[in-house]
Amino acid sequence: MSDLVVRSYVGGAAMREARDALAALRVSVFRDFPYLYEGSLSYELEYLEVYFRSQGAFSAVVWQGEEAVGATTMLPLTDAEAEAQEPFLEAGYERAELAYFGESVLLRAFRGRGLGVKFFELREAHARSLGLKLATFCAVDRPTDHPARPADYVPNDSFWQHRGYRKVPELQASFSWPDVGETESTSKSMTFWLREL
């Protein structure tokens, strides 16, 4: 990894410096299963504004020279979009204690080098620095027999469990996006995972 540099951006204003890299990585990586996201840069730049408005937001971007090859984001749950907050509101959680981890995206050629672990360590450390007590993220629910599921696909569940996260089936949200090859957005079920910090 000597040719890779992990750069942290603390606060939404600082994250703007990496906005184009974050948007491009999300479009590229989320196109693969299980998200199958038919994304656009224009939508991503609009989506990222929720992070840029948050003083508590955080991002880390992996650079190889001038190219961004991976990134991760987080922000206090109270600054996140309503769809992410609603399941916790309904379940009676104290939302002000939660850190919402938005995504970890890494180009395929750079996986298996420990960067996924590094992303969690950096986000968890930032969440603790804000006094947050719980970390959460959500993952899309796709059936095991989905026609686009690659034969060699391995879900991240074991990796997340090893990091101390547990899946909470009663915490679910719906997010909409167009699947690859489609033009209309459809609702997708997302299940949250939790860990005490």
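Note that this is a predicted model, so its numbers are computed, not measured.

1. Quick word on the overall build of the protein
- Scanning the protein for helices and strands turns up seven helices and seven strands.
- Along the protein, helices and strands appear, N-terminal first, in the series β-α-α-α-α-β-β-α-β-α-β-α-β-β.
- A globule of 197 residues ought to have a C-alpha radius of gyration of about 16 Å, and the protein, at 16 Å, matches this closely.
- Based on the C-alpha atoms only, the size of the protein along its principal axes is roughly 45 × 40 × 35 Å.
- Burial statistics for the protein: of 197 residues in total, 46% are counted as buried.
- In the protein, 72% of the contacts between residues at least 6 apart in sequence involve partners at least 24 apart.
- When the accessible area of the protein is evaluated, it comes to approximately 10000 Å², of which 48% is carbon and sulfur surface.
- Here the protein contributes 21 positive and 29 negative side-chain charges, whose respective centroids are spaced 5 Å apart.

2. Let's talk about the pattern of salt bridges
- Under the criterion given, the structure shown has ten salt bridges.
- Linking Glu38 and Arg31 is a salt bridge whose minimum nitrogen-to-oxygen distance equals 2.8 Å.
- By relative accessible area, Glu38 is classed as partly exposed at 26%.
- Arg31 sits in the partly exposed class, given a relative accessible area of 39%.
- Salt-bridge contacts for Arg108 lead to Asp32; the nearest nitrogen and oxygen are separated by 3.1 Å.

3. Considerations on the nonpolar core
- Counting residues in each nonpolar core, the largest one holds 55 residues, and the members touching the most others are Tyr35, Tyr51, Val61, Tyr100, Phe101, Tyr165 and Phe175.
- Among the elements that make up this core, the one with the highest residue count is strand E5 (residues 134-140) (six residues).
- If sequence neighbours within four positions are ignored, Tyr35 has contacts with Phe30, Cys138, Ala139, Val140, Arg142, Trp177, Asp179 and Met190.
- Membership of the second largest hydrophobic core comes to seven residues, among which are Val62, Val69, Leu115 and Phe119.

4. As for the packing of aromatic side chains
- One pass over the structure, following the stated rule, counts 14 aromatic pairs.
- Here Phe30 and Tyr35 contribute two aromatic rings whose centre-to-centre distance is 4.8 Å and whose plane-to-plane angle is 50 degrees, an arrangement assigned as tilted.
- A connected cluster of aromatic rings, assembled from ring pairs, spans Phe101, Phe120, Phe137, Phe159, Trp160, Tyr165 and Trp193.
- Lying across the ring of Phe120, Arg123 places its NZ or CZ 4.5 Å from the centre.

5. Regarding the sheet that holds strand E3 (residues 67-76)
- Across the sheet, which stays open at both edges, the seven strands sit in the order E1-E2-E3-E4-E5-E7-E6 with mixed pairing between neighbours. With one partner strand each, in any of the chains shown, strand E1 (5-10) and strand E6 (166-177) form the two edges of the open sheet. Strand-to-strand twist of the sheet, defined as the mean angle between neighbouring strand axes without regard to direction, takes the value 25 degrees.
- Pairing of E6 with strand E7 (residues 186-196), which is carried by nine bridges, proceeds in the antiparallel orientation. By the bridge assignment for E7, Ser174 is matched with Ser189.
- Its contacts with the sheet put helix H2 (residues 19-29) on strand E2 (58-64), E3 and strand E4 (98-106), and the angle it makes with E3 is roughly 100 degrees.
- Packing of helix H5 (residues 82-91) onto the sheet brings it into contact with E4, E5, E6 and E7, and relative to E6 it is tilted by some 140 degrees.

6. As for the environment of Phe159
- Mapped onto the secondary structure, Phe159 falls in helix H7 (residues 157-162).
- It is 9.1 Å that separates the C-alpha atoms of Phe159 and Gly116, two residues lying 43 residues apart in sequence.
- Apart from the residues lying within four places of it in its own chain, the contact partners of Phe159 are Gly116, Val117 and Phe120.

7. Considerations on the pairing of E5
- Burial runs high along E5: seven of the seven residues are buried.
- Of the two faces of E5, the one lined by Leu134, Thr136, Cys138 and Val140 and the one lined by Ala135, Phe137 and Ala139 are each fully buried.
- Relative to E5, E4 runs parallel, the two being bridged by three bridges. Bridge assignment links Tyr100 to a residue of E5, and that residue is Thr136.
- Of the crossover connections in this fold, the one passing from E4 over helix H6 (residues 115-129) to the parallel E5 is right-handed.
- Note that E5 and E7 share seven bridges and pair antiparallel. Looking at E7, one finds that Val140 is bridged to Met190.

Scoring rules and cut-offs
- Residue numbering note: each chain is counted from 1, following its sequence as written.
- Reporting of local features is limited, given that this is a predicted model, to residues whose pLDDT is at least 70; pairs of side-chain atoms are given and counted only at 80 or more, and all residues count toward the totals for whole chains, interfaces and linings.
- Derived side-chain values reflect all non-hydrogen atoms in the structure, with water molecules and hydrogen atoms excluded from consideration.
- Under the DSSP-based scheme used, a helix requires at least four consecutive residues in state H or I and a strand at least two consecutive residues in state E, with every element numbered from the N terminus.
- Each radius of gyration is computed over the set of C-alpha atoms, and the globule rule expresses the reference value as 2.2 Å times the number of residues to the power 0.38.
- Partly exposed residues are those whose accessible area sits between 20% and 50% of the maximum for their type, while under 20% is buried and over 50% is exposed, using a 1.4 Å probe and protein chains only.
- Residue contacts are counted whenever heavy atoms from the two residues lie within 4.5 Å of one another.
- Working definition of accessibility: Shrake-Rupley area with a 1.4 Å probe, residue cover restricted to the visible protein chains.
- His residues and chain termini do not enter the charge count, which takes Lys and Arg as positive and Asp and Glu as negative.
- A single reference atom marks each charge: NZ on Lys, CZ on Arg, CG on Asp, CD on Glu.
- Salt bridge criterion: a side-chain nitrogen from Lys or Arg within 4 Å of a carboxyl oxygen from Asp or Glu.
- Only buried Ala, Val, Leu, Ile, Met, Phe, Trp, Tyr and Cys residues count toward a nonpolar core, and they belong to the same one when joined by side-chain atoms within 4.5 Å.
- Centre distance within 6.5 Å is the pairing criterion for rings of Phe, Tyr and Trp, where only the six-membered ring of Trp is used; planes under 30 degrees apart are then read as stacked, over 60 as edge-to-face, and the remainder as tilted.
- A ring has a charge above it when a Lys NZ or an Arg CZ is no more than 6 Å from the ring centre and no more than 35 degrees off the ring normal.
- For two strands to pair, DSSP has to find at least two bridges joining them.
- Structural elements are reduced to axes, namely lines fitted to C-alpha atoms, with helices fitted over the stretch in contact, and the angle between N-to-C directions of any two is expressed from 0 to 180 degrees.
- With the strands pointing away from the viewer, any crossover whose connection runs clockwise from the first strand over the helix to the second is right-handed.

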